[in-house]
Amino acid sequence: MLVRKGVVFENWARTFKCSPELYLEAESEEDVYEAITLARQRGKRIRVVGSGHSPSDLACTSEYMLNIDRLNKVISVSDGQNRIISVQAGMKLHQLNKALAVRGWAMPNLGSISEQSISGAISTGTHGTGIDYGILATVITSLTLITSDGISHTLTAESSPDYFHAALCSLGCLGVITRVSICAVPAFRLACTASPMPFDEVMEKWDEVVSGGEHARFWWFPNTDQCTVVKMDKTDEPISKTSSWFKQTFLGYYAYEFSLYLSTFFPGMTPFLNRKHFSIFFSKPSRTVDDSVNVFNFDCLFRQLVTEWAIDVKQAPEALRQLKEFIDTTPGVIAHSPVEVRFVKGDDIWLSPAQGRDTCYIGIIIYLPYGKAVKHKKYWAAYEKIMMDLGGRPHWAK
Ligand SMILES: Cc1cc2nc3c(=O)[nH]c(=O)nc-3n(C[C@H](O)[C@H](O)[C@H](O)COP(=O)(O)OP(=O)(O)OC[C@H]3O[C@@H](n4cnc5c(N)ncnc54)[C@H](O)[C@@H]3O)c2cc1C
């Protein structure tokens, strides 16, 4: 085990940092036991860090930080029809995607990126979209957790349903997850269609939007009445995608960040930017076909603050109407694009924000162009109040 002092940890968005007393890097599962023994003997707490992609300070600690990046091996693969792969828990999702692809398999669903570790992703209830698909943790068939007494527990829904459902989304608080088994599906392609639709029409056709595609989501552009509704469905069609460096990278990344930076001096520009963002990129329908990972994942651009709450899917139109009303009628509120709306099947994982109900996640974003702070507290306080009043639950990582 490598033991370092003086390490400063920063999350991906560089919005939180901490200086753990010791930074421990496990090179093997034995090292995890050693780290736990060391911490127990010295009366210290251990916080495991995955990829550090949580937008909040969830991974931060002033005590011992344990990095398990090197525990990233495939342990075993089932040879039957059930497509179970067991991996060490420090494996990143992009490594897992590759390990699955070489076997002709894939994850049934993914969030917007695959940079997270598999254990970090499940520990916070990370989700993708699709009303018939649960959060990522719902594809885990067993996990191995080493608790603070140094005992290893292999948990499944059959052998220990309570511990299993508690551990599946446990924020690093129950112990160190060292292994997980995942139920994969045959590799598949997705046809992704994006169609502009007015906000009011999305609200009126709510059920159609939620279940219109196998994986559906929509983005609403604040200060406009416009959304883009995205449907992703399995297809056997060949890959077809168009990409323009000028549009996607120059305008969509560099010019957008620069414009957002200018808007920090002239906040009145923000509604104009939101309208332009919609009209340049999303006002025309589009259709692409690609391997599932390339459709689920996309470029999340630059440094940002995000908050996301989960709400009963039936309550979400009311929440969105209230949020729109707040933004439209409150002077000086800066709301960047887009507000992202996704859907998740209810589950029985104790701390899952989707526990017990089909769920709609509403995510709001404030970009930090070139790292510059942008006023967001009034906007977020109003959003959080709306969500809390309607029975919302926060995303654990955001
Ligand atoms: C650009 C971007 C896009 C994102 N997109 C989505 C999205 O589409 N959907 C979504 O739901 N979320 C999304 N997130 C949030 C992200 O999925 C979560 O924050 C996730 O937890 C990050 O995983 P990580 O490996 O970086 O974990 P970290 O942030 O490093 O840690 C998260 C938590 O997991 C615990 N943990 C990590 N490994 C272990 C382990 N082995 N044993 C026990 N506990 C452990 C940590 O202690 C900590 O409490 C996104 C974040 C970013 C920055």
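Throughout, residues of each chain are indexed from 1 in the direction in which the sequence is written. Restriction of local features to residues with pLDDT of at least 70 applies here, the model being predicted, together with a cutoff of 80 or more for giving and counting side-chain atom pairs; totals for whole chains, interfaces and linings are based on all residues. With hydrogens and water excluded, all non-hydrogen atoms of the structure serve as input to the side-chain values.

## Regarding the packing of aromatic side chains
Move 1: Pairing of aromatic rings covers Phe, Tyr and the six-membered ring of Trp, with a centre-to-centre limit of 6.5 Å; geometry is then stacked below 30 degrees between planes, edge-to-face above 60, and tilted otherwise. As enumerated under the stated definition, the model contains 19 aromatic pairs in all.
Move 2: Judged by centre distance (5.3 Å) and plane angle (55°), the rings of Phe-199 and Trp-220 are tilted. With Phe-199 in helix H5 (residues 199-204) and Trp-220 in strand E15 (residues 215-220), this residue pair connects regions lying 21 residues apart in the sequence.
Move 3: For Phe-199, a relative accessible area of 2% puts it in the buried group.
Move 4: With a centroid separation of 5.1 Å and 65° between ring planes, the pair formed by Tyr-253 and Tyr-254 is classed as edge-to-face.
Move 5: For Tyr-254, a relative accessible area of 46% corresponds to the partly exposed category.
Move 6: Taken together, the aromatic side chains of Trp-219, Phe-221, Phe-278, Phe-281, Phe-282 and Phe-298 make up a single cluster linked through ring pairs.
Move 7: Ring-over charges, as used throughout, are those where CZ of Arg or NZ of Lys falls within 6 Å of the ring centre and within 35 degrees of the ring normal. Directly above the ring of Phe-188 sits Lys-234, whose terminal nitrogen or CZ lies 4.8 Å from the centroid.
Move 8: Above the plane of the ring of Phe-199 lies Lys-324, whose end atom (NZ or CZ) is 5.5 Å from the centre. Here a strand is any run of E in DSSP of at least two residues, a helix any run of H or I of at least four, and the numbering for each starts at the N terminus. Burial classes: relative accessible area under 20% of the type maximum marks a residue as buried, over 50% as exposed, and values in between as partly exposed (1.4 Å probe, protein chains only).

## Some remarks on the sheet that holds strand E14 (residues 189-198)
Move 1: The criterion for strand pairing is that DSSP finds at least two bridges linking the strands in question. Overall, antiparallel pairing links the eight strands, which are arranged E17-E14-E16-E15-E19-E20-E18-E21 in an open sheet. Here the strands that pair on one side only, and so sit at the sheet edges, are strand E17 (286-291) and strand E21 (393-394).
Move 2: Relative to strand E16 (residues 226-235), E15 runs antiparallel, the two sharing six bridges. In the strand pairing of E16, Phe-218 is matched with Val-229.
Move 3: The strands that helix H11 (residues 377-389) touches are strand E18 (304-312), strand E19 (339-344) and strand E20 (359-367); relative to E18, the one it contacts most, it runs at about 15°. Whether two residues are in contact is decided by their heavy atoms: any pair within 4.5 Å suffices. Orientation is described by axes fitted as lines to C-alpha atoms, over the contacting stretch for helices, and by angles from 0 to 180 degrees between their N-to-C directions.

## Brief notes about unusual backbone geometry
Move 1: Here the residue pair Ser-337 and Pro-338 is connected by a cis peptide bond, since its omega of -5° sits within 30 degrees of zero.
Move 2: Along the chain, Pro-338 falls in the loop between helix H10 (316-329) and E19.
Move 3: One non-glycine residue, Asn-223, adopts positive backbone phi at about 70°.
Move 4: Among the secondary structure elements, Asn-223 is positioned in the loop between E15 and E16.
Move 5: Look at Tyr-370: it is not a glycine, yet its phi comes out positive at around 50°.
Move 6: On the secondary structure map, Tyr-370 appears in the loop between E20 and H11.

## Structural notes on the UniProt feature "domain: FAD-binding PCMH-type" (unreviewed entry) in the protein
Move 1: UniProt positions are given in the numbering used here, feature names are shortened, and annotations may be inferred rather than shown by experiment. Within this numbering scheme, the UniProt entry marks residues 16-187 as carrying the feature "domain: FAD-binding PCMH-type" (unreviewed entry).
Move 2: With 21% helix and 27% strand, residues 16-187 has its two end C-alpha atoms placed 37 Å apart.

## Some thoughts on the site of the ligand
Move 1: One heavy atom within 4 Å of a molecule or strand is enough for the residue carrying it to be called near that molecule or strand. Surrounding the ligand, one finds 34 residues, the nearest of these being Val-48, Gly-50, His-53, Ser-54 and His-395.
Move 2: We define a polar contact as two N or O atoms separated by no more than 3.5 Å, with the added condition that, inside protein, one atom must be a possible hydrogen donor and the other a possible acceptor, whereas residues neighbouring each other in sequence contribute only through side-chain atom pairs. One nitrogen or oxygen atom from the side chain of Ser-54 is found 2.6 Å from an oxygen atom belonging to the ligand.
Move 3: Ser-119 places a side-chain nitrogen or oxygen 3.0 Å from a nitrogen atom of the ligand.
Move 4: Note on areas: these come from Shrake-Rupley sampling with a 1.4 Å probe, and a residue is covered only by the protein chains present in the view. Relative to its free-state accessible area of 980 Å², the ligand is covered by the protein chains to the extent of 98%.
Move 5: Contributions of two or more residues to the shell around the ligand are made by strand E5 (46-49), helix H3 (118-123) and strand E12 (176-183).
Move 6: Residue contributions to the shell around the ligand peak at four residues, all from H3.
Move 7: Under the convention adopted here, Pro, Cys and the residues Ala, Val, Leu, Ile, Met, Phe, Trp and Tyr are nonpolar, Asp, Glu, Lys and Arg are charged, and Gly plus all remaining residues are polar. Its residues assigned to classes, the shell around the ligand shows 13 nonpolar, 18 polar and three charged.
Move 8: If you count residues domain by domain, the shell around the ligand takes at least three from each of domain 1 (2-67) and domain 2 (74-186). An automatic or database domain assignment provides the domain bounds reported here.

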